[in-house]
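Per-entry structural report
Here is how the chains run, residue by residue.
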Amino acid sequence: MTTGLPSDPELLPTILRILEGPVVLADGSGAIVHVNEGARKLLGWDADVLRGRKVWDALVRPSRGPALEDLFQRVRSGESTEPVELTMATVSGEERSILWTYSVIRGRSEEARFVLATGTDVSRLRSLEDDARRREVAEARRQAREEALRVTSQKYAGIIEIASEAIISIDPEHRIRMFNHGAEEVFGYSAEEVLGEPLELLLPPESRGAHRGHVETFGASPGPSRRMGERRQIAGMRKGGERFPAEASILKLDVEGERLYTVVLRDVGERVRQEARQNLLSEVGRELQRSLDYKTTLRNAVESTLGHLADFSFIDVEEEDGSIRRLQALHRDPRQAELARNFLNRELDRSRPHLVGSVFLEDRSELVREVTPEVLDRLGQNPDHRTALGQLDPGSFLSVPLKARGRTIGALFCARERGRPPLDEEDLALAEELGRRAGTAVDNARLYRDARRAIEARDDVLSVVSHDLGNPLQAIFIGLEALERTRPGRAEGRGGGEEYYLSAIRRSADTMQRLIQDLLEVRRLEAGHLQLERHSVSVSPLIREALQGMDPLARVKEIALSAPQEDTDLPRVFADGDRIQQVLSNLLGNAVKHTPEGGR
C-alpha cells in the first residue's frame, strides 16, 4: 500500500510499517498525510480518499468535529494529553470505540511537523455492563495503554539502536546511561565498558571541564534542545586515544523526576579532512601562480606541503643534461634549517636506493607508512648519510613524481615526524595531485627562464654583430670617399661605367648601415618603444631610391625596372621616410629575386 509518507523525518516509515493497529499521521495543519493498513482493516478507511483532508472533518461525525479539532491543537502545542477514547464510524456505518494515543514529531526548528495517532479497538468492551465487567474494561484499557507504550518504546529503542549516529544519554552527574550501537562504532567502546562511567571518558582531557560547563549552561536554559549547527564543532576521543572532530545535537528531558541529557553525535573527521585537502589544493594553486621565477616557484611548491601534509620536504629536478639536482629542501621547524641544508647540498649515487629512487628509477610513487631502522639502513648510502637520516627520524614518508607535458621532470619528497599520525593512501593521492600541479608550475617557470636566457643571448649576439659589422662598413665608406674625391663627377642611371657602380656601392653601404641600426633597435621594438620619425614626404624619391638600390641585381638578371615619371603627380604622405623606403626595398628585392631572367 502506498503511504505517501514524507521522507522527513527518515525513521517514520519504519514506525508506521511496524504498528499493527490503526494509525493516522497528520501534518501540523491537521491535514491527513497517511492512514495505515490497520485503519483500513478496522474501519474501512481509504488512504487515497482521506489524504489531504482535516482529521476533524474526515474521521468523526460533524457534531464531534470541534472537540477533535480542539484536542488536535492541544496535542500539537505540546500540552500533556491522556489517551482519548473516540467513537469512530466505519465506512459501512457501524460505530466503534477507539482508544487513541498521540505523539508529536518536531522538525529542526522545533515546530510541530506531524501528529501521529495510534489507536486500540475497545468497542467490544461496550457490551459489558456490570461492575465486574467495568473493572475488567478499566483493566483492559490500562493494559492497552501500557501495551501501546511498551510497543512504542520498543520500536523507538530499536530505531535508536540501529541509528548510524552515536546516541548517548547521561544523568545529572554526567554518568553514561545509554550507549547505542552507533556510539560503539564511533568511539570503539562496547556499551558494557562505558555504562555508568563518566562522560569524560569520551572527551579529550583539554576539553572535559569546558564541556561539563556547556552541558550545565544548556540545562539551565529555557530551550529543550540544541540542534547540529547551533553549537561549535566539538572533539571526541576514541578508545585508543585518537581525537576526532564531531558535530552534536543535545536534548534534555525529565524522566520520573530525573533530568537526562541525550546527545546525537556525528563523526565529521572525513568531511573536515576533505575540506582541508581542497583548501590546501586551492592555496597551492594560488601560490604556484604568484611567480614565474624558477627558484621562487620551487620554494612555493615545497612550502605548500609543510604542516598539513609533511614536516620535511624537498624537490629533485632533472636538468636538461639528464643530471638530477636537489634544488629546494625545507623543514617546518626553523630549528631544523641546518638539517634541511644538509640534505640540500648532499651528493648521491642516483643508481643506488635513495629517498626518491622509486620515482627516478621506476617512475612510480612510493609510500612508507612505518619507517624502521632497517629502512634507513637500506637508504643510507654511507655512514654520514645514514647519520643524517637518523637525525631526520621520519615516522613515515612518501615520494611522488612531478609531471609536466606527459613526462616526469622531478620528484617531491614528504616526511612526517614520528609521533604524528602516519601518512596514508589518501595523503599519497593528495601529494600526487600536488606533484601534478607543482610539476606544471616548475615546467612553466623553467620554460620562462630558458626563454629569458635565449632573449638575452640573442641581444648579446645582436650587439656583437652590429659592432663587428660596423668596422668593415666604416672602411668601405672611407674607401668610397677616397675614390669619389679622385673622380671628376658622379654619374646616375644605367650608363656611366665606374661612376655608376661607385654610386651603387654607396647606396648599398647606406642601406647596410640602416639595417645595422635597425638591429640595435630590436630591443626597443620588443619593449614597445620603437619611435617613428614621421613627417610629410614625397613618395617618388622613395621609389627611385628603392629602384636604384636594386638596379645592380636587376642588371645581372637582365630584368627591366620601370617607375612613374619624375613629374607624375603622386600625393605626399605623412610617414617615416626611412621605414617606407625599407618596405619598398624589400618588396622590390623579392620581385627581382622571383622574376625570371629577361623579365620586367
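Summary of the structure given here. (Residues numbered from 1 in each chain as written. Predicted model: local features only at pLDDT ≥ 70, side-chain atom pairs only at ≥ 80, totals over all residues. Heavy atoms only, no water.)

For the protein, the helix and strand inventory stands at 20 helices and 18 strands. Taking the intrachain contacts of the protein between residues at least 6 apart in sequence as the baseline, contacts between residues at least 24 apart amount to 58%. Here the protein has roughly 33,700 Å² of accessible surface; of this, 51% comes from carbon and sulfur atoms. (Helix = DSSP H or I, 4+ residues; strand = E, 2+ residues; numbered from the N terminus. Contact = heavy atoms within 4.5 Å. Areas by Shrake-Rupley, 256 points an atom, 1.4 Å probe, with all protein chains shown as cover.)

The computed volume of the second largest pocket comes to approximately 540 Å³. Around the second largest pocket sit 19 residues that line it, and Glu-242, Arg-273, Arg-416, Pro-421 and Asp-424 are the ones nearest its centre. Sorting the residues of the lining of the second largest pocket by element identifies β10 (243-255), α10 (269-288) and α16 (425-486) as the ones contributing at least two each. With five residues, α10 is the single largest residue contributor to the lining of the second largest pocket. Looking at the lining of the second largest pocket residue by residue, the class counts come to six nonpolar, two polar and eleven charged. (1 Å grid on protein atoms, 1.4 Å probe; cavity = no way out; pocket = protein on both sides within 12 Å on 5 of 7 lines; lining within 4 Å. Points joined across faces, edges and corners; volume = space filled by probe spheres on them. Nonpolar A, V, L, I, M, F, W, Y, C, P; charged D, E, K, R; others polar.)

If you walk through the whole model with that rule in mind, you get seven cavities of 30 Å³ or more. Here the largest cavity is characterised by a volume of approximately 160 Å³. Elements that contribute at least two residues to the lining of the largest cavity include exactly β1 (23-27), α5 (65-76), β3 (84-89), β4 (95-106) and β5 (112-121). For the lining of the largest cavity, the element with the highest residue contribution is α5, accounting for three residues. A breakdown of the residues in the lining of the largest cavity according to their chemical character gives 13 nonpolar, no polar and no charged. Around the second largest cavity, the lining is made up of eleven residues, and of these Leu-199, Leu-203, His-211, Val-263 and Leu-265 lie nearest the centre.

Think of a pair of aromatic rings as described by two things: how far the centres are apart, and how the planes are tilted against each other in angle. One pass over the full model with this rule turns up eight aromatic pairs. The interplanar angle of 65° and the centroid separation of 6.0 Å between the aromatic rings of Phe-312 and Phe-314 together place this pair among those described as edge-to-face. Per residue, the accessibility class of Phe-312 equals that of Phe-314, and both read buried. Through a chain of ring-to-ring contacts, the aromatic side chains of Phe-312, Phe-314, Phe-343, Phe-397 and Phe-413 assemble into a single cluster. Lying over the aromatic face of Phe-244, Arg-238 brings its terminal NZ or CZ to 4.1 Å of the ring centre. Over the ring of Phe-314 we find Arg-326; its NZ or CZ atom is 3.7 Å from the centre of that ring. (Phe/Tyr/Trp six-rings, centres within 6.5 Å; stacked < 30°, edge-to-face > 60°. Buried < 20%, exposed > 50% of the residue type's maximum accessible area, 1.4 Å probe, protein only. Lys NZ or Arg CZ within 6 Å of the ring centre and 35° of its normal.)

For helix α20 (residues 577-594), which comprises 18 residues, the first-to-last C-alpha distance of 26 Å matches the rise-based estimate of 26 Å (1.5 Å per residue) to within 8%. Among the residues of α20, Gly-577, Gln-581, Ser-585, Leu-588, Gly-589 and Val-592 are the ones counted as buried. Projected down its long axis, α20 shows its buried positions confined to an angular sector of 110°, all on one face. Exposed positions of α20 whose direction lies more than 90 degrees from the buried face are Leu-587, Lys-593 and His-594. The opening residue of α20 is Asp-576, an N-cap whose side-chain oxygen sits 3.2 Å from the backbone nitrogen of Asp-578. (Expected span 1.5 Å × (residues − 1). Arc of directions from axis to C-beta. Polar contact = N/O pair within 3.5 Å; in protein donor to acceptor, adjacent residues only side chain to side chain.)

Everything listed here is a matter of coordinates, which is why it stays silent on function.
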